[in-house]
Amino acid sequence: MSDMITADLVDLDLSADTKEAAARALAERMVALGRVTDLEGFLADVAAREAQMPTGLDGGIGIPHCRSEHVTEPTLAFGRSAAGIDFGAADGPADLIFLIAAPAGADDAHLTILSSLARQLMNAEFTGALRSVGDAAAAAALIRGDEAPTAGGAAAEGAAHGAQSSAGGGAHGASGGAKSDASASEDSAAAPGAASAGAAAAGTAPAPGASVEDASAPASGATSADERPFRIVAVTSCPTGIAHTYMAAESLENAGRDAGVEVVVETQGSAGFTRLDPAVIAAADGVIFAHDVPVRDKDRFAGKPTVDVGVKAGINRPGELITEVRGKAARGEVTASAPAGACTPVERGGDSGEGYGTKLRKWLMSGVSYMVPFVAAGGLLIALGFAIGGYKINKAPSVMDHFVWTQGDSWAALLFQIGVVSFGFLVPVLAGYIAYGMADRPGLVPGFVGGSIALTINAGFLGGLVAGLLAGGVVMAIQKVKIPPAVRGIMPVVVIPLISSAIVGFLMFVVVGKPIASAQKGMTDWLNGLSGTNAILLGALLGLMMCFDLGGPVNKVAYTFATAGIAVSNPSDSAMKIMAAVMAAGMVPPLAMALATTVRGKLFTETERENGKAAWVLGASFISEGAIPFAAADPLRVIPSSMVGGAITGALSMAFGATLRAPHGGIFVVPLIGNPFLYLIAIAVGTCVTTALVVVLKGMRKPAPGASTAGPADGTATAAAEAKQPVAA
C-alpha cells in the first residue's frame, strides 16, 4: 500500500457533515495529486456504489469505494471526523473514513485494497492509533504499515468506544441470530478479506491450506480451546458484475463470525476466481452455494451437507443458511459423491431436488451475461454512427477502401462498421456461453459453431438459444460415454470438439435450422405489423417486466427481447420502438424513488434519503438497480408502485412512436431517440405516478408503537431489519 496513500491524502480534521461531502473532500485531494481526472464523474461512481449497499462498518468506520474510469491508479484517502458521519452502519456514525479509488476494470487492485485495509481495521490497536495520531504523515505511515500501532492506540480505542461496544454486545446477546442476519444484509460489503482479519484479531488460525484472505474465524469465545468449530466452505457468484458476488461473501463471513463458525468463501466473480485449497474443502463440515450462474467444478464439494440458494439469499439471510447447513450435518444429510466423469458440471448445478426449470434459467442467464457487453458496445457504436453520419451511413463503403481523416462521415462510417462487427458476435457468444454454462469449457466450441450457423441461416436470436442448448446437451451426452483411459487425454482437445461440432452443425443446418428461421421471420413480421392497441399493450407488458424485479431474471428477459430486435445493422421501426419502451420503463423506479425522497422525505429513513440523491443519477443512466435499496426495505409498496409507473411509461412510449437504436445510455442518448420530447414526457408521467403511489402507500402505513418518537438511528435500524426481505436484483 506504499504508493496508495501519502500525507497529502490525509485529513485529520474532516469537517464534512454528510457522506457526500466527506467523499468530495477526500476526492479533491486525489484530484490535486492527479490520481483522479474528473471529480464529478468519480463522485457519481462513488454514489452509484453507495446506492447498492451502505458502506458503513460497525466500530465507527466508513469505507466508500468504487472502480471508476476517472481514476489513474489505485488510491486510498483517509479522513477523521470529530462529529461523526452517517454511512449507514447499524451502530451509528463513522469517525474514520477511508475513500478507496481503483481504475475501471481493475478488479484485482480494487479487491486487494479492500482486503488489505479490512485486515487492519479489525485490529483495535490500529484503529485506536488512527483516532489518536497527531499529524497526517504519521497517519499515512500507520495505514501503509511503515509504523506499528502502539498499545496506547488500543487504550485510546477502548476509551473512545468502550460504551458503544458494550451496548453492541448487549444487543447481540439479546437478539441472537436474527440480529446477525439483519446486520449482515444491511451493513456494507467490505472486502472478502475482512473475515480473515477477524481470524487474526481473535487469534484463531484459518483452516489448513486456506489463505489469509479466504479464512474466516469464529467470534472470540464462541468455542473452547479444545473444541474444533464447525467449518463451512461457500461459493458465491452472480451473472452480471461483481457486486452481489462479494456482498453475499461478506454477509456469510459476518454471519459465520457471529455464530462461531469458520466460513471460507470462494468468490467466482467477474475478476475470475481462485479455487479453494482441497485440504480446506476436505476439512469442511458443510457447504453453501449462493449463486445465480452454475458453480464451477462443483464436484469438488460432493459428499457433504449442502445448501444451494440464489445469491440474494446469501445477502439477505446468511444466518438462516448457516443454521440450515448445520442442521443437515447433524441429521447426516449429504449430497451424493459423484465418481469422476459420471456427470457434467451442468448436472451438478444444484441439489438433487433442483428442477430443470431452475437449471435452464441459470444456463440462459449465463449466456445473456456474456452477451450483454457485446450488445451495449455494438449498439452504442451503431447509434453514434447514425447520429454523426445520418441514417444512410449503413450504405457507406468499407473504411478499408475509403477513409478521410478530416471528414465526419468517414468517422461515422468507422463507428458504424465497428458496431456491426461487434453485433456479429452477439448470437455466437450467446450460444457459446449457454453451452459453457451447461457443460463447462468443452461446450464452448460447438456452442460458438452452432451460434455462427444460426447467423448463416438467418435463424437469429432464437437460433442462438437453440444452438447453445443443443451444444451443451450434445457435450453432456458425450461425457457420459465410458472412455478407455488411453483416450481420455485427447477427449477435451480433439474428440469432444470434433464430434459435438459435427452433430450440432448437422442439426442446425438440416434438422432444426429451417423451422427456427421461419419462427424468427414470423416474430419479426409480427413485430413489424404491431400498431395501435396491440403495440400499447406490448409496451405496458414490457414495462411491468422491467419493474418487477429491478435487474433480476424477469427484467433481463424483457431487456434481452428488446436488444435482440435491434441487434442487426438495419433494425425495424417496431424493434426500435420496443427498445425505447424498455429503456424508458427501466428508468422509472430509481427516478421515482429519488423524487419521492425529495417531496416527502419524512416518509423515508436518513439512509434512504441519501440513496435517493444517488438514484437521480442512476435512474437517468438507465440503471434500474438504483431502486433496489428501497424495494428491499419496503417491497410491498415500492415494487407494485414501480410496476404501475413502468407499465404506463412503456405504453405511452409505444403510443408516442418513440424509437431508439442504442441499447443503453438513459438520457445521455436522447439525441439518438425518435420523438425525444414525447419520450421524456412518457418517462416523467410514469415517474410521477410511481412517486404518488409510493407516497400514498407509505403515508397509509401505521407506525409501530413508539415509532413516532424514533430518531434517525431508529429509522436506520428499522430499514436494516426490513431489508432482510428478499428481492431479485
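Residues numbered from 1 in each chain as written. Predicted model: local features only at pLDDT ≥ 70, side-chain atom pairs only at ≥ 80, totals over all residues. Heavy atoms only, no water.

Quick notes on the overall build of the protein
Link 1 in the chain: Along its length, the protein carries 26 helices and 12 strands.
Link 2 in the chain: Classification of the 729 residues of the protein by burial places 53% in the buried group.
Link 3 in the chain: Partitioning the intrachain contacts of the protein with sequence separation of at least 6 by distance along the chain shows that 74% fall at a separation of at least 24.
Link 4 in the chain: On the protein, roughly 28900 Å² of surface is accessible, and the fraction owed to carbon and sulfur atoms is 62%. (Helix = DSSP H or I, 4+ residues; strand = E, 2+ residues; numbered from the N terminus. Buried < 20%, exposed > 50% of the residue type's maximum accessible area, 1.4 Å probe, protein only. Contact = heavy atoms within 4.5 Å. Areas by Shrake-Rupley, 256 points an atom, 1.4 Å probe, with all protein chains shown as cover.)

Examining the pairing of strand 8 (residues 262–267)
Link 1 in the chain: Counting buried residues in strand 8 gives 6 out of 6 residues, a clear majority hidden from the surface.
Link 2 in the chain: In strand 8, alternate side chains face the same way, and those of Glu-262, Val-264 and Glu-266 on one face and Val-263, Val-265 and Thr-267 on the other are all buried.
Link 3 in the chain: Two strands pair when backbone bridges link them, and strand 7 (residues 231–237) and strand 8 are joined in this way by 6 bridges, in the parallel orientation. For Ala-234, the partnering residue across the bridge sits in strand 8 and is Val-265. (Pairing = 2+ DSSP bridges.)

As for the packing of helix 4 (residues 124–132) against helix 5 (residues 136–144)
Link 1 in the chain: Where helix 4 meets helix 5, the closest approach of the two axes is 10 Å, and the angle between their N-to-C directions is 165°. On the basis of the axis angle, helix 4 is roughly antiparallel to helix 5. Where helix 4 crosses over helix 5, the handedness of that crossing is left-handed. Touching Phe-126, Ala-129 and Leu-130 of helix 4 are Ala-139, Leu-142 and Ile-143, all from helix 5.
Link 2 in the chain: Each residue belonging to the contact of helix 4 with helix 5 can be placed in one class, and the counts come to 6 nonpolar, no polar and no charged. (Axes fitted to C-alpha atoms, helices over the stretch in contact; angles between N-to-C directions. Parallel < 35°, antiparallel > 145°, perpendicular 65-115°, else oblique. Left-handed = near helix turned anticlockwise from the far one by under 90°. Nonpolar A, V, L, I, M, F, W, Y, C, P; charged D, E, K, R; others polar.)

What to know about the side chain of Ser-422
Link 1 in the chain: Counting through the fold element by element, Ser-422 comes out in helix 13 (residues 408–424).
Link 2 in the chain: Non-local contacts of Ser-422, meaning those with residues more than four positions away in its chain, are made with Phe-374, Ala-377 and Gly-378.

Comments concerning helix 22 (residues 606–620)
Link 1 in the chain: Taking 1.5 Å of rise per residue, the 15 residues of helix 22 would be expected to cover 21 Å, and the 22 Å separating its terminal C-alpha atoms lies within 8% of that figure.
Link 2 in the chain: Along its length, helix 22 shows its largest kink, about 35°, at Ala-614.
Link 3 in the chain: Of all the residues in helix 22, the buried ones are Thr-607, Glu-608, Glu-610, Asn-611, Gly-612, Ala-614, Ala-615, Leu-618, Gly-619 and Ala-620.
Link 4 in the chain: Count one or two residues on from helix 22 and you reach Phe-622, which has phi positive near 60°. (Expected span 1.5 Å × (residues − 1). Bend = angle between axes of the 7 residues up to and from the residue.)

Some points on the pattern of salt bridges
Link 1 in the chain: A complete count under the given rule lists 16 salt bridges for this structure.
Link 2 in the chain: In this structure, Glu-266 and Arg-300 form a salt bridge, with 2.8 Å as the shortest nitrogen-oxygen distance. One end of the pair, Glu-266, is in strand 8; the other, Arg-300, is in the loop between strand 9 (286–291) and strand 10 (306–309), and 34 residues separate them in sequence.
Link 3 in the chain: Judged by its relative accessible area of 1%, Glu-266 falls in the buried class.
Link 4 in the chain: Look at Arg-300 and you get partly exposed, because its relative accessible area is 22%. (Salt bridge = Lys/Arg side-chain N within 4 Å of Asp/Glu carboxyl O.)

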